[in-house]
Amino acid sequence: MDFQVFLLLGQDGVTNGAIYALLALALVLVFTVTRVIFIPQGEFIAFGALTLAALQAGKFPGTVWLLLAAGSAVAVLDGIVLLRERRFSRLPPLILANVGFPLACAALLWLVPMSNLPLWALASFSMLLVVPLGPMVYRIAFQPLASASTLVLLIVAVAVHLALIGLGLLMFGAEGWRTPAFTETNFEIAGAPLQGQTLLVILASAVLIVALYFFFERTIYGKAPDGDFGPHGRQAVLYPGCRDWCFFRHPGRAHYDHLLRFRFLDGPQGICRRHHWRSGLVSRCGIGRLAGRIARVLFLLLGERFQRGYCFHPHSSRPALAFSGFAAH
Amino acid sequence: MKRRHLPIVLFVLVVLAAPYFLSDFRIALTNYIGLYALVALGLVLLTGIGGLTSFGQAAFVGLGAYVTAYLSTVHGVSPWINLLVGLGLTLLLAYVIGFVTLRMSGHFLPLATIAWGISLYYLFGNLDMLGGNTGISGIPALKIISWEIRSEREFYYLIWVVLLLAMLAVRNLLDSRAGRAIRALKGGVVMAESFGVNTPRAKMAVFLIAALTAAISGWLYAHLQRFVNPTPFSLTQGIEFLFMAVVGGIGHVWGAIAGALVVTELKQRLQDLLPGLLGQSGNFEIIFFGIAMVLILQWARHGLWSLILRLARRIAPNRSWRRPLAPSGPLPRRSLPASGTVLLEVKEVSKYFGGLAANQKMSLNVKAGEVMALIGPNGAGKSTLFNCISAVNPADGGEIKFLDERIDALSAREIARRGMSRTFQHVRLLQQMTVLENVAIGAHLRGRRGVLAAAMRLNRTEEAGLLAEAARQIERVGLTEHLFDPAGSLALGKQRIVEIARALASDPCLLLLDEPAAGLRHMEKQALAELLRKLRAEDIGILLVEHDMDFVMGLADRVVVMEFGEKLAEGLPQEIQENPLVLEAYLGGVE
């Protein structure tokens with residue numbers, strides 16, 4: 001392996017590593033807040049990329065139908081709750097957001113020829129189609145089991161993963177697609193080409209990671225995830241000794257008690273020691289430890305790149321590697 | 001015929017009759033159901049009963065299949081020898097994997113099973129000697145003496161006989177000393193360890209059994225198909241096995257068959273139906289399965305079999321599990337130290353939780369044939385001290401001696417072996433198990449027969465002895481009428497008494513009782529006091545934490561008062577009642 005090959009492979013490894021680091025961060029966030037090990041994460045990557053590819057090819061992306069179906073299910077589930085509680089005024093916004101939005105997207109697709117639009121517009125539109133699926137999947141699959149053990153949530157995550165794989169095959173078929181790079185600019189460093197796209201990927205990941213860090217560590221909103229998780233969400237105001245914490249500006253709304261426990265452990269007093277068994281578990285996945293994890297993922301993927309580049313191994317062991325990067329502490 | 005054998009007999013009849021009614025295609029399908037049920041059976045034991053979730057069982061199926069495929073095609077070894085080799089290799093590999101991963105707790109273990117499930121799958125696909133992704137073909141048929149098992153119909157009998165034997169073995173196992181230890185895993189390692197159950201070993205045992213049933217299934221699969229490739233041993237298949245067990249009822253032996261039957265049939269139908277419906281071909285049944293699994297976990301977490309059981313109970317109510325206990329003489333007892341001997345000596349024990357001192361330089365001792373009461377306001381650190389003594393939560397400093405031996409570095413299990421037994425403030429009974437079985441866990445250390453003896457029913461004499469002992473202790477505490485009731489159905493006060501019976505079943509010389517009288521009615525308290533007096537007269541030492549002052553003062557020989565983790569006073573009940581410090585602690589000061 002000469003220096004040029006080293007640089008090429010290294011570049012590839014760092015790019016993949018940046019993407020994986022972002023994924024690892026997402027997994028950590030989901031786990032600390034919901035205790036769900038979000039195995040279907042991979043499907044969201046695939047759906048995002050394949051939706052973009054379908055839009056570029058001028059095809060109608062199946063994600064729209066999935067969004068409509070999932071949105072309708074959420075509307076039904078939450079609608080029943082609202083009807084039962086006689087909160088009729090909240091029905092229209094619920095239906096508008098969960099059914100109206102997918103329908104509007106479908107209408108837009110029919111009316112506007114997408115393939116002529118610039119890449120950034122298509123990318124944004126595919127994100128509009130895929131991102132709302134996340135909360136919808138949570139509402140349908142996980143929220144009814146919010147108080148179940150981590151194990152049950154894990155099995156549910158695996159089941160959702162299966163269902164989404166099947167749906168992906170149904171919507172996009174088994175063939176691969178190719179989307180163009182955001183930029184064709186190329187640089188040259190020490191004789192090895194450096195693609196502009198690579199820089200973009202690394203930059204985007206870095207910006208997102210830093211932004212998420214500041215959001216969750218430095219803002220009141222981030223520290224008190226202000227989500228209305230319906231009547232079953234558990235109240236967070238459990239520990240009277242923690243009055244000074246900002247969560248209590250939103251009494252009754254901050255339902256993420258597990259995140260709260262994790263935060264409390266960082267606090268000066270051991271008021272939550274009795275919950276040590278659980279918060280310890282969570283804090284091991286804490287955002288504070290993220291740097292180490294990102295380094296580990298990068299290291300593993302770099303290693304894998306070199307190994308693959310060197311002996312051209314026929315079978316990818318990447319899932320297992322990415323997994324071990326995530327699971328290792 | 002005993003009534004509890006009825007399902008087995010019915011099952012055998014159905015299995016025997018089925019070939020006369022089923023087409024060749026159905027028989028082939030039924031063979032697969034049998035093979036899957038074998039794996040799901042292992043998962044029922046591992047996940048449903050032992051509480052250890054595994055997504056990786058398909059890898060062990062693959063191991064069993066590949067060993068026989070490779071050895072019989074390349075080296076021409078007899079399949080029967082390959083079975084033994086395959087089982088041996090599976091045992092070895094599962095032991096190594098289990099050694100590394102079983103100590104992980106909660107969700108880390110299932111994640112690890114995903115990891116090794118994936119890596120074994122890639123190993124099958126990447127080893128050239130195993131034929132890579134094309135696999136191995138031309139595997140010879142099974143032969144019993146001169147009978148070659150070639151047709152699906154012939155294989156049918158072999159598969160279902162193996163499955164039936166495996167089911168009987170698992171059932172026998174669950175109904176034994178080793179089985180109770182396994183069932184205790186899910187209810188709390190702390191309790192099991194306190195009665196001498198080696199929980200890491202029990203976990204390993206179920207893990208190995210589940211791996212072995214999977215390997216046997218793989219061996220059968222290889223000789224049924226006469227061809228293997230890596231695909232059927234992927235993670236997806238591993239998930240499907242778990243799915244079958246969950247659908248069927250992860251806590252029931254019969255759930256394995258119900259789940260395998262339903263899932264396999266459904267899959268078959270969906271594979272016929274969906275491509276036509278959706279206009280393209282592919283594995284679209286996984287969409288359905290994924291969604292179905294989520295719904296089952298949301299709405300019927302105990303699976304099909306528990307629904308069937310509930311239905312059966314409605315049709316034929318009052319069929320609780322009762323059977324006469326085999327008569328058996330008393331178990332040998334340990335020799336108790338003479339009255340007045342110091343049993344337990346606690347010297348300056350401290351325990352910290354972070355910055356909080358739960359116990360600070362606590363000292364006390366308990367002699368044989370006396371009741372020592374430990375009292376104090378809520379949060380004074382009494383239960384913490386109990387946990388330090390019984391090594392549930394070891395002390396940070398100080399010295400604890402039991403029968404003149406330092407025990408502060410020993411495990412809960414080793415302390416139990418030395419004759420100390422305890423009850424828990426928050427009752428730790430296995431709610432689904434009968435009172436009898438719960439109490440029999442207490443006698444764990446008085447038997448020694450293991451998993452193999454239990455599976456083959458060679459443990460009957462010992463088992464009779466243990467159950468008879470448990471029944472005797474239940475009678476002693478006055479709960480004989482609840483012998484066969486699920487422990488969870490008793491009132492909380494009575495559950496505390498069951499805990500005492502369980503502690504007594506271990507033949508202790510020192511009893512630690514954590515609030516035994518809480519939740520009892522007046523008459524029951526009197527009966528309990530009577531029982532404790534009787535035990536004291538037998539030279540058993542008793543350390544008692546209790547809030548009910550009448551109960552304590554009428555019973556205790558000596559009293560230690562704790563406040564804020566420290567000893568406030570010690571003395572005879574009379575002295576304590578007049579101690580101004582104690583009065584202040586309890587009543588907030590005497591003006």
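No experiment lies behind these values; they were computed from the predicted model shown.

Quick look at the overall build of chain B
A tally of regular secondary structure across chain B gives 23 helices and 14 strands. By principal-axis analysis of the C-alpha atoms, chain B measures approximately 90 × 50 × 50 Å. Counting only residues that meet the buried cut, chain B has 55% of its 591 residues in that class. Here chain B carries 56 positive and 46 negative side-chain charges, and the mean point of each set is 9 Å from the other.

Let's talk about the overall build of chain A
When helices and strands are tallied, chain A shows 13 helices and two strands. Across the 329 residues that make up chain A, the buried fraction comes to 47%. Restricting the contact set of chain A to residue pairs at least 6 apart, pairs at least 24 apart contribute 68%.

Describing the interface of chain B and chain A
The interface of chain B with chain A comprises 32 residues on the first partner and 35 residues on the second. Summed over both partners, the interface of chain B with chain A buries about 2,900 Å², with 81% contributed by carbon and sulfur atoms. In this structure, the connection of chain B to chain A is made through zero salt bridges. Linking chain B with chain A are two residue pairs in polar contact (both at pLDDT 80 or more), by the criterion used here. Those elements that provide at least two residues to the side of chain B that touches chain A are helix 5 (108-126), helix 10 (235-248) and helix 12 (285-299) of chain B. For the side of chain B that touches chain A, the element with the highest residue contribution is helix 5 of chain B, accounting for ten residues.

A short note on the nonpolar core
Core analysis: the biggest nonpolar cluster contains 151 residues, and Phe142(A), Val156(A), Trp160(B) and Val228(B) have the highest contact counts within it. Of all the elements, helix 2 (residues 24-49) of chain B adds the most residues to this core, at 15 residues. What Val228(B) contacts, discounting residues up to four positions off in sequence, is Ala65(B), Tyr66(B), Ala69(B), Thr134(B), Gly135(B), Ile136(B), Ile139(B), Tyr221(B) and Ala222(B). If you look at the next biggest cluster of nonpolar residues, it comprises 61 residues, including Ala181(B), Phe195(B), Ala517(B) and Ala569(B).

Side note on the packing of aromatic side chains
Residue and element names in this part refer to chain B. Considering all chains together, one arrives at 28 aromatic pairs over all chains under this definition. Members of the aromatic cluster, joined through ring pairs, are Tyr-32, Tyr-36, Tyr-66, Phe-124, Tyr-221, Phe-233 and Phe-241. Note that Arg-428 overlies the ring of Phe-424, its terminal NZ or CZ placed 5.0 Å from the centroid.

Topic: the sheet that holds strand 9 (residues 405-406) of chain B
Residues and elements named next belong to chain B. Taken together, four strands build an open sheet; the order of strands is 6-5-8-9 and the sheet is antiparallel. A strand with exactly one partner marks an edge of an open sheet, and here the two such strands are strand 6 (356-367) and strand 9. Bridge count for strand 5 (residues 342-353) against strand 8 (residues 397-402) is five bridges, and the pairing is antiparallel. Note on strand 8: the bridge partner recorded for Ser-350 is Gly-397.

Digging into the confidence of the model for chain A
Low-confidence regions, as indicated by low pLDDT, have predicted coordinates that should not be scrutinised in detail. Residues and elements named next belong to chain A. Predicted confidence across chain A gives a mean pLDDT of 70, with 65% of residues reaching 70 or more. Confidence, expressed as mean pLDDT per element, reaches its minimum in chain A at helix 11 (residues 276-283) with 31 and its maximum at helix 3 (residues 63-84) with 93. Between residues 225-290, whose pLDDT stays under 50, and residues either more than four places distant or in other chains, the model counts 114 contacts. Throughout residues 307-329 the model reports pLDDT below 50, and contacts reaching past four residues in sequence, or to other chains, amount to 40 contacts.

Brief notes about the packing of helix 1 (residues 6-17) of chain B against helix 6 (residues 152-174) of chain B
All names here are of chain B. Where helix 1 contacts helix 6, the two axes come as close as 11 Å, and the packing angle between them is 170 degrees. The angle between helix 1 and helix 6 falls in the class roughly antiparallel. Residues Ile-8, Phe-11, Val-12, Val-15 and Leu-16 of helix 1 pack against Tyr-156, Tyr-157, Trp-160, Leu-164, Met-167, Leu-168 and Arg-171 of helix 6. Its residues placed into classes, the contact of helix 1 with helix 6 shows eleven nonpolar, no polar and one charged.

Here we look at empty space enclosed by the protein
A water-sized probe, rolled over the atoms, reveals where empty space remains. Residue and element names in this part refer to chain B. Using the criterion set out here, one finds four cavities of 30 Å³ or more in the structure. One number sums up the size of the second largest cavity: a volume of about 50 Å³. Lining the second largest cavity, in full, are Ser-194, Ser-390, Ala-412, Ile-415, Ala-416, Met-420, Ser-421, Arg-422 and Leu-512. For the lining of the second largest cavity, the elements supplying multiple residues, two or more each, are helix 15 (412-417) and strand 10 (420-422).

Examining the side chain of His444(B)
All names here are of chain B. Within the secondary structure, His-444 is located in the loop between helix 16 (435-442) and helix 17 (451-455). Using a relative accessible area of 10% as the deciding quantity, one classes His-444 as buried. Every residue in contact with His-444, bar those within four places of it in the chain, is listed here: Arg-177, Ala-181, Phe-195, Gly-196 and Val-197.

Observations regarding unusual backbone geometry
Residues and elements named next belong to chain B. We note that Ala-391 has phi near 65 degrees; this positive angle belongs to a residue other than glycine. In this structure, Ala-391 sits in the loop between helix 14 (382-389) and strand 8. With relative accessibility at 13%, the residue Ala-391 sits in the buried group. Positive phi values are uncommon outside glycine, yet Leu-403 reaches one of about 50 degrees.

Details of the sheet that holds strand 7 (residues 371-375) of chain B
Residue and element names in this part refer to chain B. With mixed pairing, six strands are arranged side by side in an open sheet as 10-11-12-7-13-14. Strands at the two margins of the open sheet, each flanked by one partner only, are strand 10 and strand 14 (566-571). Recorded for the sheet is a direction-independent mean angle of 15 degrees between the axes of neighbouring strands. Of the pairings in the sheet, the one linking strand 11 (residues 510-514) to strand 12 (residues 541-545) comprises five bridges and is parallel in character. Bridge pairing in strand 12 places Leu-512 opposite Leu-543. This element, helix 19 (residues 492-505), spans strand 10 and strand 11 of the sheet and lies at about 165 degrees to strand 11. Packing of helix 20 (residues 522-537) onto the sheet brings it into contact with strand 7, strand 11 and strand 12, and relative to strand 12 it is tilted by some 145 degrees.

So, the environment of Ala205(B)
Here Ala205(B) is to be found in helix 9 (residues 199-225). Along the backbone, Ala205(B) and Ile139(B) are 66 residues apart, and their C-alpha atoms lie at a distance of 32 Å.

Rules behind the numbers
- Residues numbered from 1 in each chain as written.
- Chains lettered and ligands numbered in written order.
- Predicted model: local features only at pLDDT ≥ 70, side-chain atom pairs only at ≥ 80, totals over all residues.
- Heavy atoms only, no water.
- Helix = DSSP H or I, 4+ residues; strand = E, 2+ residues; numbered from the N terminus.
- Buried < 20%, exposed > 50% of the residue type's maximum accessible area, 1.4 Å probe, protein only.
- Lys, Arg positive; Asp, Glu negative; His and termini not counted.
- Charge placed at Lys NZ, Arg CZ, Asp CG, Glu CD.
- Contact = heavy atoms within 4.5 Å.
- Buried area = accessible area lost by both parts, 1.4 Å probe.
- Salt bridge = Lys/Arg side-chain N within 4 Å of Asp/Glu carboxyl O.
- Polar contact = N/O pair within 3.5 Å; in protein donor to acceptor, adjacent residues only side chain to side chain.
- Core = buried A, V, L, I, M, F, W, Y, C linked by side-chain atoms within 4.5 Å.
- Phe/Tyr/Trp six-rings, centres within 6.5 Å; stacked < 30°, edge-to-face > 60°.
- Lys NZ or Arg CZ within 6 Å of the ring centre and 35° of its normal.
- Pairing = 2+ DSSP bridges.
- pLDDT = per-residue confidence, 0-100.
- Axes fitted to C-alpha atoms, helices over the stretch in contact; angles between N-to-C directions.
- Parallel < 35°, antiparallel > 145°, perpendicular 65-115°, else oblique.
- Nonpolar A, V, L, I, M, F, W, Y, C, P; charged D, E, K, R; others polar.
- 1 Å grid on protein atoms, 1.4 Å probe; cavity = no way out; pocket = protein on both sides within 12 Å on 5 of 7 lines; lining within 4 Å.
- Points joined across faces, edges and corners; volume = space filled by probe spheres on them.

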